[in-house]
Amino acid sequence: MAIPVIDFSKLDGKERAETLAKIANGCEEWGFFQLANHGIPVEFLERVKKVSSECYKLRAEAFKKSNPVQLLNKLEDKEGENSNVQRLDDVDWEDVFVLQDDNEWPSNPPEFKETMKEYRRELKKLAEKLMEIMDENLGLQKGCIKNAFSGNGEHEPFYGTKVSHYPPCPRLDLVRGLRAHTDAGGVILLFQDDHVGGLQMLKDGQWIDVQPVANAIVINTGDQIEVLSNGRYKSVWHRVLATSNGNRRSIASFYNPSPKATIAPASPGEEAQPLYPKFVFGDYMDVYVKQKFQPKEPRFEAVAAMGRKSRS
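A brief structural summary. (Residues numbered from 1 in each chain as written. Predicted model: local features only at pLDDT ≥ 70, side-chain atom pairs only at ≥ 80, totals over all residues. Heavy atoms only, no water.)

Concerning the sheet that holds strand β6 (residues 175-181)
In space, the five strands of this open sheet follow the order β3-β6-β11-β8-β9, with mixed pairing throughout. Edge strands, defined here as strands with exactly one partner in the open sheet, are β3 (88-92) and β9 (206-209). Averaged over all adjacent pairs, the angle separating strand axes in this sheet is 40°, with direction ignored. Note: strand β8 (residues 199-203) against strand β11 (residues 238-241), three bridges, orientation antiparallel. Bridging from a neighbouring strand, Gln200 pairs with Arg239 of β11. (Pairing = 2+ DSSP bridges. Helix = DSSP H or I, 4+ residues; strand = E, 2+ residues; numbered from the N terminus. Axes fitted to C-alpha atoms, helices over the stretch in contact; angles between N-to-C directions.)

Considering the environment of Val280
Examined against the element boundaries, Val280 turns out to sit in strand β14 (residues 279-280). With a relative accessible area of 29%, Val280 lands in the partly exposed category. Ignoring sequence-local partners within four residues, the contact set of Val280 consists of Pro259, Lys260, Ala261 and Thr262. (Buried < 20%, exposed > 50% of the residue type's maximum accessible area, 1.4 Å probe, protein only. Contact = heavy atoms within 4.5 Å.)

Considerations on the packing of helix α2 (residues 42-63) against helix α4 (residues 112-138)
Between α2 and α4, the shortest axis-to-axis distance is 10 Å and the interhelical angle comes to 130°. Classified by the angle their axes make, α2 and α4 are oblique. Taken as a pair, α2 and α4 cross one another with a handedness that is left-handed. For the pair α2 and α4, the contacting residues are Phe44, Leu45, Arg47, Val48, Val51, Ser52 and Cys55 in the first and Phe112, Thr115, Met116, Glu118 and Tyr119 in the second. Taken together, the residues of the contact of α2 with α4 break down into eight nonpolar, two polar and two charged. (Parallel < 35°, antiparallel > 145°, perpendicular 65-115°, else oblique. Left-handed = near helix turned anticlockwise from the far one by under 90°. Nonpolar A, V, L, I, M, F, W, Y, C, P; charged D, E, K, R; others polar.)

Some remarks on the packing of helix α1 (residues 16-30) against α4
As a packed pair, α1 and α4 sit with axes 10 Å apart at the nearest point and diverge in direction by 90°. As judged from the angle between their axes, α1 and α4 are roughly perpendicular. Along its contact with α1, which presents Arg16, Leu20, Ile23, Ala24 and Cys27, the element α4 presents Ile133, Met134, Glu136 and Asn137. Of the residues that constitute the contact of α1 with α4, the class distribution is six nonpolar, one polar and two charged.

Describing the pairing of strand β12 (residues 248-256)
Summarising burial for β12: nine of the nine residues are buried, a large majority. For strand β5 (residues 158-166) and β12, the ladder comprises nine bridges, and the chain directions are antiparallel. Bridge pairing in β12 places Ser164 opposite Ser250. As defined by bridge partners, strand β7 (residues 187-192) adjoins β12 across six bridges and the pair is classed as antiparallel. Residue pairing for β12: Gln192 is matched across the bridge by Ser250.

A few points about α2
Spanning 22 residues, α2 covers 30 Å between terminal C-alpha atoms, matching the ideal 32 Å at 1.5 Å per step. Of all the bends in α2, the greatest, near 35°, is centred on Lys57. For α2, the complete set of buried residues consists of Phe44, Leu45, Val48, Lys49, Val51, Ser52, Cys55, Tyr56 and Phe63. (Expected span 1.5 Å × (residues − 1). Bend = angle between axes of the 7 residues up to and from the residue.)

Focus: the state of the cysteines
Counting across every chain of the model gives zero disulfides. Cys27 forms no disulfide, and the closest cysteine sulfur to it belongs to Cys144, at a distance of 14 Å. (Disulfide = S-S within 2.5 Å.)

Thoughts on unusual backbone geometry
A cis amide bond links Asn108 to the next residue, Pro109, at an omega of 0°. Along the chain, Pro109 turns up in the loop between β4 (95-99) and α4. With a phi angle near 55°, Asn152 is a residue other than glycine that sits in the positive phi range. Of note, Asn152 is situated in the loop between α5 (144-149) and β5. Although it is not a glycine, Asn215 sits at a positive phi angle of roughly 65°. Along the chain, the position of Asn215 falls in the loop between β9 and β10 (217-221).

Things to note about the pattern of salt bridges
Where side chains of opposite charge bring their charged atoms close, a pairing between them can arise. Enumeration according to the criterion identifies 25 salt bridges in this entry. Between Lys50 and Glu111 there is a salt bridge, with its nearest N and O atoms 3.6 Å apart. Taken as a pair, Lys50 in helix α2 and Glu111 in the loop between β4 and α4 lie far apart in primary sequence, 61 residues in all. The salt bridge partner of Asp173 is Arg171, with a shortest N-O separation of 2.7 Å. (Salt bridge = Lys/Arg side-chain N within 4 Å of Asp/Glu carboxyl O.)

Overview of the sheet that holds β10
Backbone hydrogen bonds are what pair the strands of a sheet, in a parallel or an antiparallel way. If you walk across this open sheet you meet the seven strands as β1-β2-β10-β7-β12-β5-β4, and the pairing is mixed. Of all strands in the sheet, those bounded by a partner on one side alone are β1 (5-7) and β4. Taking the axes of each pair of neighbouring strands and ignoring which way they run, one obtains an average angle of 25° across the sheet. Here strand β2 (residues 32-36) runs beside β10; their pairing, made up of four bridges, is antiparallel. Within β10, the position partnered with Phe32 by the bridge is Asn220. Along the sheet, α2 contacts β4, β5, β7 and β12; its crossing angle with β4, the most-contacted strand, is approximately 125°.

Take a look at the structure:
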């Protein structure tokens, strides 16, 4: 079983209807799919790979002093003392930093900032195009999802890019990788490693590899798309397995609602029974940060209870 790979260039030709249907299927049946021929030049993506790799090399020494490495070293010391050793199941084996418009970015290599600014612009345009496709497939007015994320233009949607590397791990028996979770927000666009795998999604109770496809962009939908679609599109559990050889690159861009945006099921035409509560995204995030690795249904219940409490 393989994650769907969709030729995005066919959206503008004779195969538009078929391509729309494939994207709908990717959203409804999978929650993950890959876009090939998405319009971002391969030469530019090669530059992104280069600056990300160079940036990681400058950070690699610091990772050796990071919390995950120190915890693993302590476990290995305990092994030598014949103590009972438990896996590091609540630790993520990941070197990571986040790029936003208003935070400090790495200044080395020198071309990193310029390249990643352009990359973020391209991915933001792709995210907004995808949201319009979701509007169309769901029978919603054009711009519905984007308007919901921005509070009808009153607020700026959150847009962040998480640059990660998953270094080789010497003890796969003690470290899992990145813990299983669903994403809290809206549309996630991932530029993953061409060669080193490890990303998996949960489908029908089975973990499936999100296979590396050179220069494709992996798309997955977050909890807020599940709410807006009233459950037609589901956010999906996913994880990253640590590997003993190879350093996995992962650049994930998150197009999320503004913390002040109100999110609720958007119903096309006749009123359908809403299956999710109406809430402020910032309140949802307050719940999510405490329950990220737990079942998602209680998150919706908790944020609904917060809304009832504020109205009483």
